[in-house]
Amino acid sequence: MKRSKATPAQLVGLIILGTLIVASAFLVVPHGSHYRGDCNGGFLGFSFISHLIVMCMFFGGGGYLGWWAQQELTCGIRLERWNEEQLRSIRKYSESWVAKTGPIILLFVGVVFYLTETSQHHSSSVVYWVCFVLCHGQMALNRSLAPPIDSQSASRLESSAPLRSEHWGE
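As the structure is a prediction and not an experimental result, all values here were calculated from the model.

Asker: When you look at the overall build of the protein chain in this model, what are you seeing that I'm missing?
Answerer: On a plain count of helices and strands, the protein chain comes out with seven helices and zero strands. When the helices and strands of the protein chain are read in sequence order from the N terminus, they spell out α-α-α-α-α-α-α. Burial statistics for the protein chain: of 170 residues in total, 31% are counted as buried. Restricting the contact set of the protein chain to residue pairs at least 6 apart, pairs at least 24 apart contribute 71%. In the form shown here, the protein chain has an accessible surface area of approximately 11900 Å², with 65% of it arising from carbon and sulfur atoms.

Here it is as C-alpha cells:
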C-alpha cells in the first residue's frame, strides 16, 4: 500500500466523513420508502432491492474510507511520520471532554430513542443505529489518536526470573 501524503487533520476529517457516510446509510431505506409507489410503500419489489444496494454501497464506501484513514493515521503516529507540532491540534481534540464523553452521550441518546420508538411503532429505531455508528466512529478516532504504546514497558515478563520448583514431577 502506498503511503498517503495527507496531513493528520485531513485524515481525521476523512475518518469523520466515512463515519457520516456509514451513518447516512440507515436513512436510505426508511426515507426511500416514501418515494416508492409499489405495494403502498412496502418492502417488496425492485425499488427495495435498489435501495438495499445503495445502502450497501454507503456501508462499503464509507466504511472503507474511514478504515483506510484510521489505518493511515495510526501508522503515521506509530512511525512518527509527523512532528509534534502537526499532531498538536488533533491531540488537543482527543484530550477534550467532547472526545471523551461523546461516545457515551451518543449511545445514551440512541438507547433512549430506541426505547421510545420501538414502544410506539413496534419497529427498529433508525436514530439508534445512526447514534451507534457515530459512537463507534468516535471511539475509532480516539483509538487512532492515542499515543503508541511503548513496547519496552509492555513486556514485563522478560525481566522476571524463570519458574523453578523442586517438586515438579513428583
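Continuing now.
Asker: Teacher, can you tell me more about the packing of aromatic side chains here?
Answerer: Any two aromatic rings considered together are summarised by their centre-to-centre distance and by the angle between their planes. A complete count under the given rule lists seven aromatic pairs for this structure. For the ring pair Tyr114 and Tyr128, a centre distance of 5.2 Å and an interplane angle of 55° mean the geometry is tilted. Here the residue Tyr114 occupies a position in helix H5 (residues 97-121), and Tyr128 occupies one in helix H6 (residues 126-145), the gap between them amounting to 14 residues. Residue Tyr114 is classed as partly exposed on the basis of its relative accessible area of 33%. The class for Tyr128 is buried, based on a relative accessible area of 19%. On the numbers, 6.2 Å between centres and 25° between planes, the contact of Tyr128 with Phe132 is stacked. Taken together, the residues span about one helical turn, with Tyr128 and Phe132 both in helix H6 at a distance of four residues.

Asker: Please explain the pattern of salt bridges as it appears in this structure.
Answerer: Any two side chains of opposite charge can pair, given that their charged atoms come close. Counted under the stated rule, the structure contains three salt bridges. For Glu85, the salt bridge goes to Arg88, with nearest N and O atoms at 3.0 Å. Pair noted here: Glu85 and Arg88 are both in helix H4 (residues 84-94), with a separation of three residues, about one helical turn. Under the relative-accessibility criterion, Glu85 is labelled exposed at 51%.

Asker: Whenever I open this one, the packing of helix H1 (residues 8-24) against H4 confuses me. Can you help?
Answerer: Packed helix pairs are specified by the crossing angle of their axes together with the interaxial distance, meaning the distance between the axes. Where H1 meets H4, the closest approach of the two axes is 9 Å, and the angle between their N-to-C directions is 35°. Here Pro8, Ala9 and Val12 of H1 lie close against H4, whose contacting residues are Gln86, Leu87 and Ile90. The residue inventory of the contact of H1 with H4, partitioned by class, reads five nonpolar, one polar and no charged.

Asker: Explain the environment of Glu95 here, please?
Answerer: Here Glu95 is to be found in the loop between H4 and H5. For Glu95, a relative accessible area of 56% corresponds to the exposed category. Spatially, the C-alpha atom of Glu95 lies 9.5 Å from that of Ala146, the residues being 51 residues apart in sequence.

What counts, and where the lines are drawn
Each chain carries its own residue numbering, running from 1 in the written order of its sequence. Given that the model is predicted, a residue must reach a pLDDT of at least 70 before its local features are reported, and side-chain atom pairs must reach 80 or more before they are shown or counted; all residues, however, enter totals for whole chains, interfaces and linings. By convention in this description, side-chain values take in all heavy atoms of the structure and omit both hydrogens and water. Only DSSP runs of H or I reaching four residues or more are called helices, and only runs of E reaching two or more are called strands; each is numbered from the N terminus. Classification of residues uses two cut-offs on accessible area relative to the type maximum, computed with a 1.4 Å probe and protein chains only: under 20% is buried, over 50% is exposed, and between them is partly exposed. Contact between two residues is taken to exist if any of their heavy atoms lie within 4.5 Å; hydrogens are not considered. What sets the accessible areas is the Shrake-Rupley method with a 1.4 Å probe; for residues, cover comes only from the shown protein chains. Within 6.5 Å between ring centres, the rings of Phe, Tyr and Trp (the latter by its six-membered ring) count as paired, and their orientation is classed by plane angle as stacked under 30 degrees, edge-to-face over 60, tilted in between. Take a side-chain nitrogen of Lys or Arg and a carboxyl oxygen of Asp or Glu: if they are within 4 Å of each other, that pair is a salt bridge. An axis is simply a line fitted to the C-alpha atoms; with a helix, the fit covers only the stretch in contact. Between two such axes, the angle follows the N-to-C directions and lies from 0 to 180 degrees. Residues were grouped as follows: Ala, Val, Leu, Ile, Met, Phe, Trp, Tyr, Cys and Pro as nonpolar; Asp, Glu, Lys and Arg as charged; and all remaining residues, including Gly, as polar.

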